[in-house]
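Listed below, chain by chain, are the residues.
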Amino acid sequence: MEEENAAPNTGKKHDSDTAADLERVTDYAEEKEIKLDVENAIQAIGEKHQQELNKKAQREQELAKVKVNKEDIELIANEMEISKAIAEKNLRENGGDVVKALS
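Residues numbered from 1 in each chain as written. Predicted model: local features only at pLDDT ≥ 70, side-chain atom pairs only at ≥ 80, totals over all residues. Heavy atoms only, no water.

Participant: Would you mind going over the overall build of the chain with me for this structure?
Facilitator: Within the chain, the regular secondary structure consists of 4 helices and 0 strands. What you see in the chain, going N to C, is helices and strands ordered as α-α-α-α. Buried residues in the chain amount to 12% of all 103 residues. Contacts in the chain between residues far apart in sequence, at least 24 positions, make up 32% of those at least 6 positions apart. (Helix = DSSP H or I, 4+ residues; strand = E, 2+ residues; numbered from the N terminus. Buried < 20%, exposed > 50% of the residue type's maximum accessible area, 1.4 Å probe, protein only. Contact = heavy atoms within 4.5 Å.)

This is how it looks when you write it as structure tokens:
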């Protein structure tokens, strides 16, 4: 009778070990998939950030081509009570038009 009781316990232990092994394999696969998803997301964010930086640099180059007078910058800075750098940027963004920059 003891032999009959020993056989079912061995089967249960074997099933338990198999289930644990299967769980480890699926956990590994899930972790690998999550890691790949995270890496792809990080890469996509990096690419998006680089595109934004390129657009900003291109915009800055376009603004640098706009001709502005120092007198206009000083006028805008005094009238709007802002720094000359902000006044210059505002003037450049408005195509060098003082009236648009002041409005």
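Next, the rest of the story.
Participant: Quick question: what am I supposed to make of a nonpolar patch on the surface here?
Facilitator: On the surface, Ile34, Val38 and Ile42 cluster together into a nonpolar patch covering about 290 Å² of accessible area. Structurally, the position occupied by Val38 is in helix α1 (residues 2-64). You can call Val38 partly exposed: its relative accessible area is 43%. (Patch = residues over 30% accessible without salt bridge, like charges linked within 9 Å, V, L, I, M, F, W, Y side chains within 5 Å. Areas by Shrake-Rupley, 256 points an atom, 1.4 Å probe, with all protein chains shown as cover. Salt bridge = Lys/Arg side-chain N within 4 Å of Asp/Glu carboxyl O.)

Participant: Before we go on, may I ask you to explain the environment of Ala77 in this structure?
Facilitator: Relative to the elements of secondary structure, Ala77 occurs in helix α2 (residues 70-80). By relative accessible area, which is 7% here, Ala77 ends up buried. Measuring from C-alpha to C-alpha, the distance between Ala77 and Leu102 comes to 9.5 Å, with 25 residues separating the pair along the chain. Not counting the four nearest positions on each side in its chain, Ala77 is found in contact with Ile82, Ser83, Lys84 and Ala87.

Participant: Looking at this structure, how should I read the pattern of salt bridges?
Facilitator: A pair can form between side chains of opposite charge whenever their charged atoms are brought close. Evaluation of the coordinates by the stated rule reveals 3 salt bridges. The salt bridge involving Glu62 is made with Arg59; its shortest N-O contact spans 3.9 Å. Here the residue Glu62 and the residue Arg59 both occupy positions in helix α1, the gap between them amounting to 3 residues, near one helical turn. Assessed through its relative accessible area of 39%, Glu62 is described here as partly exposed. We classify Arg59 as partly exposed; its relative accessible area is 39%. We note a salt bridge from Glu74 to Lys84, for which the minimum N-O separation is 3.9 Å. Highlighted residues: Glu74 in helix α2 and Lys84 in helix α3 (residues 84-93), separated in sequence by 10 residues. Glu74 gets classed as partly exposed once you look at its relative accessible area, which sits at 38%.

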